[in-house]
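Read off the chains here:
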Amino acid sequence: GDLFELGISDLVASEVHVLICDAQYLRNNISWDEKYRGVRCRSKQHGVWALLLKQFWLGLSRLQTGGLLIFRFGWRDPGPEDLATIWYKKMTLRLFTLLCDLFEEVREVKSDYFNALQSSFYVCCSNFSAERFR
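Everything quoted here is computed from the prediction, not taken from an experiment. In every chain, residue numbers begin from 1 and rise along the written sequence. Note on the predicted model: pLDDT of at least 70 is required for a residue's local features to be given, and 80 or more for side-chain atom pairs to be given and counted; whole-chain, interface and lining totals, by contrast, use all residues. The basis for every side-chain value is the complete set of heavy atoms in the structure, and neither hydrogens nor water enter the calculation.

Chemist: Can you help me understand the pattern of salt bridges in this one?
Modeler: For side chains of opposite charge, pairing can occur when their charged atoms come near one another. In what follows, salt bridge is the name for a side-chain nitrogen of Lys or Arg lying within 4 Å of a carboxyl oxygen of Asp or Glu. Scanning all chains against the criterion turns up three salt bridges. One salt bridge in this structure joins Asp-22 and Arg-72, with 2.8 Å as the shortest N-O distance. One end of the pair, Asp-22, is in the loop between strand 1 (16-21) and helix 1 (44-60); the other, Arg-72, is in strand 2 (residues 63-74), and 50 residues separate them in sequence. Note on exposure labels: buried denotes an accessible area under 20% of the residue type's maximum, exposed denotes more than 50%, and partly exposed covers the range between, all computed with a 1.4 Å probe on protein chains only. By relative accessible area, which is 32% here, Asp-22 ends up partly exposed. On the accessibility criterion, Arg-72 (29% relative accessible area) is partly exposed. Here Arg-132 and Asp-101 are joined by a salt bridge, their closest N and O atoms 2.5 Å apart. Taken as a pair, Arg-132 in helix 3 (residues 130-133) and Asp-101 in helix 2 (residues 86-102) lie far apart in primary sequence, 31 residues in all. Taking relative accessible area as the criterion, Arg-132 reaches 52% and is therefore assigned exposed. Assessed through its relative accessible area of 38%, Asp-101 is described here as partly exposed. Secondary structure elements follow DSSP: runs of H or I of four or more residues count as helices, runs of E of two or more count as strands, with numbering from the N terminus.

Chemist: Where do I start with the packing of aromatic side chains in this structure?
Modeler: Pairs of aromatic rings are described using the distance from one ring centre to the other and the angle between the two planes. Centres within 6.5 Å are what make two rings of Phe, Tyr or Trp a pair, Trp counting through its six-membered ring; a difference in plane orientation under 30 degrees is then read as stacked, over 60 as edge-to-face, and the rest as tilted. Summed over all chains, the structure comprises eleven aromatic pairs. Ring geometry for Phe-73 against Tyr-88: centres 6.1 Å apart, planes inclined by 25°, an arrangement best described as stacked. In this pair, Phe-73 is assigned in strand 2 and Tyr-88 in helix 2, connecting sequence segments 15 residues apart. Of the two residues, Phe-73 and Tyr-88, both sit in the buried class. Between Phe-73 and Phe-121, the aromatic rings sit 6.0 Å apart at their centres with planes inclined by 70°, giving edge-to-face as the arrangement.

Quick look at the structure:
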């Protein structure tokens, strides 16, 4: 199935305590017959954001109070004049503001040894407020 097409009623778990969001927007990279037939997004960046937010919506709807969220995120900053990433920066600020409101602690984790040259890192959010989310 396509994660974009799943709804809350499709979830098997009624409650979770740990939520890990690490799905990737691969489109044709893994599809049968090399032709992805699911939901398409305007660009790869838009697809990555849409998939991450879809995972959040599905997972946070089942995450219990005090729960933990871990997700992979990337940040590249080519400078303030880069028009292609202005929306990305605005969305990032909004996302992390929301996360700081829903979780008691939000921290980044980046290995000094593994994948150190990649711009991606993990974000760990602890002590979820399910009441604030609902």
